[in-house]
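# Architecture at a glance
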Amino acid sequence: MSDSSLKIGYRSVLRTITVFTVIFFMEFYIVWNYIAELVETDLLLIFLIISRRFGNFTTGISRCIIFEWNCFCVKKLRISFDQLVNKSNATILEPNQIVLLDVVTKYTKLLKNINSVGVPLKITILRDCFFTFFCVIYASFGIVYAPENAINKVIIVIVAVYMSTLFLPCVFMELAKIEVDKIRLIYVEISAHSSDEEIRRKAQDALMLLEIVPFEFTVWRFISVNVSLPFQFFALLTTYVIVTMQFMHVFG
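Residues numbered from 1 in each chain as written. Predicted model: local features only at pLDDT ≥ 70, side-chain atom pairs only at ≥ 80, totals over all residues. Heavy atoms only, no water.

### Here's the deal with the overall build of the protein
- A tally of regular secondary structure across the protein gives seven helices and two strands.
- The linear arrangement of helices and strands in the protein, starting from the amino end, is α-α-α-α-α-α-β-β-α.
- Residue burial in the protein is summarised as follows: out of 252 residues, 38% are buried.
- Considering only contacts in the protein between residues 6 or more positions apart, those separated by 24 or more positions represent 82%.
- Approximately 14900 Å² of the protein is accessible, and the part contributed by carbon and sulfur atoms is 67%. (Helix = DSSP H or I, 4+ residues; strand = E, 2+ residues; numbered from the N terminus. Buried < 20%, exposed > 50% of the residue type's maximum accessible area, 1.4 Å probe, protein only. Contact = heavy atoms within 4.5 Å. Areas by Shrake-Rupley, 256 points an atom, 1.4 Å probe, with all protein chains shown as cover.)

Right under this line is the structure:
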């Protein structure tokens with residue numbers, strides 16, 4: 001990557017860090033004010049609250065930065081590939097085989113990097129899913145059985161933060177997939193316009209690889225991090241809320 005590209009990537013990551021830092025202080029301020037009204041505060045309690053919220057903050061922002069940087073790398077790969085292949089919108093150059101293989105190699109490395117982050121990243125995603133699910137179910141019970149104490153601002157803030165850190169990587173993965181689709185389109189143009197039989201064959205092999213090895217991140221084949229995850233999550237959540245309410249109404 002060139003220095004200008006790295007600067008763009010660093011600025012993007014810095015914006016994400018700044019936004020999450022502001023959210024962290026806002027969340028801590030709201031939670032602290034709520035707790036201060038209920039219990040007598042001391043230094044140990046302050047330390048425990050800061051430690052817990054800061055731990056959740058660092059894991060959430062680290063996860064978002066990993067996916068954002070991966071999205072930036074895929075976009076940079078697409079731009080560089082497009083510049084090497086397309087001289088203009090109407091002219092398709094004859095790329096050599098090294099260029100075609102280099103793009104595929106970098107693609108597989110990026111996919112391997114995002115899937116080799118390890119168990120902690122997947123555990124935090126599952127934790128956020130279950131925690132958000134539990135909080136919404138709990139709030140639903142409160143609305144039905146104790147409307148006066150149903151929802152407090154702490155639950156709203158915490159759930160909002162967990163949802164943002166849970167679903168923002170889905171947006172970055174979807175943006176990365178869009179860039180992969182553009183790379184696939186470049187290979188299609190090469191296979192259709194190139195006069196070299198060997199280059200056309202390499203382009204078709206690359207298309208087959210992109211088809212067989214899609215750009216995706218899954219949590220033990222249980223959760224696929226993409227733009228459909230928020231909709232699937234809310235659909236499942238709505239179903240469980242309705243079923244649980246009916247169950248409590250009959251047997252409660």
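### Re the nonpolar core
- With 51 residues, the main nonpolar core has F67, F81, I125, Y187, I190, F215 and F217 as its most contacted residues.
- Contributing elements (two or more residues each) for this core: α2 (43-85), α3 (97-115), α4 (119-145), α5 (153-193), α6 (197-212) and α7 (228-251).
- With 14 residues, α5 is the single largest residue contributor to this core.
- If near-sequence neighbours (up to four positions away) are discounted, F81 is found in contact with V99, L100, V103, I183, I186, Y187 and I190. (Core = buried A, V, L, I, M, F, W, Y, C linked by side-chain atoms within 4.5 Å.)

### Concerning the packing of aromatic side chains
- Overall, the coordinates contain seven aromatic pairs when judged by the stated rule.
- Between the aromatic rings of F167 and F234, the centroid separation amounts to 5.9 Å while the plane-to-plane angle is 50°, which identifies the pairing as tilted. Taken together, the residues F167 in helix α5 and F234 in helix α7 connect sequence positions 67 residues apart.
- Taking the relative accessible area as the measure of exposure, F234 reaches 35% and is therefore partly exposed.
- Taken together through their ring pairs, the aromatic side chains of F167, F233 and F234 make up a single cluster. (Phe/Tyr/Trp six-rings, centres within 6.5 Å; stacked < 30°, edge-to-face > 60°.)

### Focus on the packing of α3 against α6
- At a minimum axis separation of 10 Å, α3 and α6 run at an interaxial angle of 10°. It follows from the interaxial angle that α3 and α6 lie roughly parallel. In this structure, α3 uses Q97, L100, V104, Y107 and T108 to contact α6, whose residues at the interface are E198, I199, K202, A203, A206, L209 and L210.
- Per-class residue counts for the contact of α3 with α6 are eight nonpolar, two polar and two charged. (Axes fitted to C-alpha atoms, helices over the stretch in contact; angles between N-to-C directions. Parallel < 35°, antiparallel > 145°, perpendicular 65-115°, else oblique. Nonpolar A, V, L, I, M, F, W, Y, C, P; charged D, E, K, R; others polar.)

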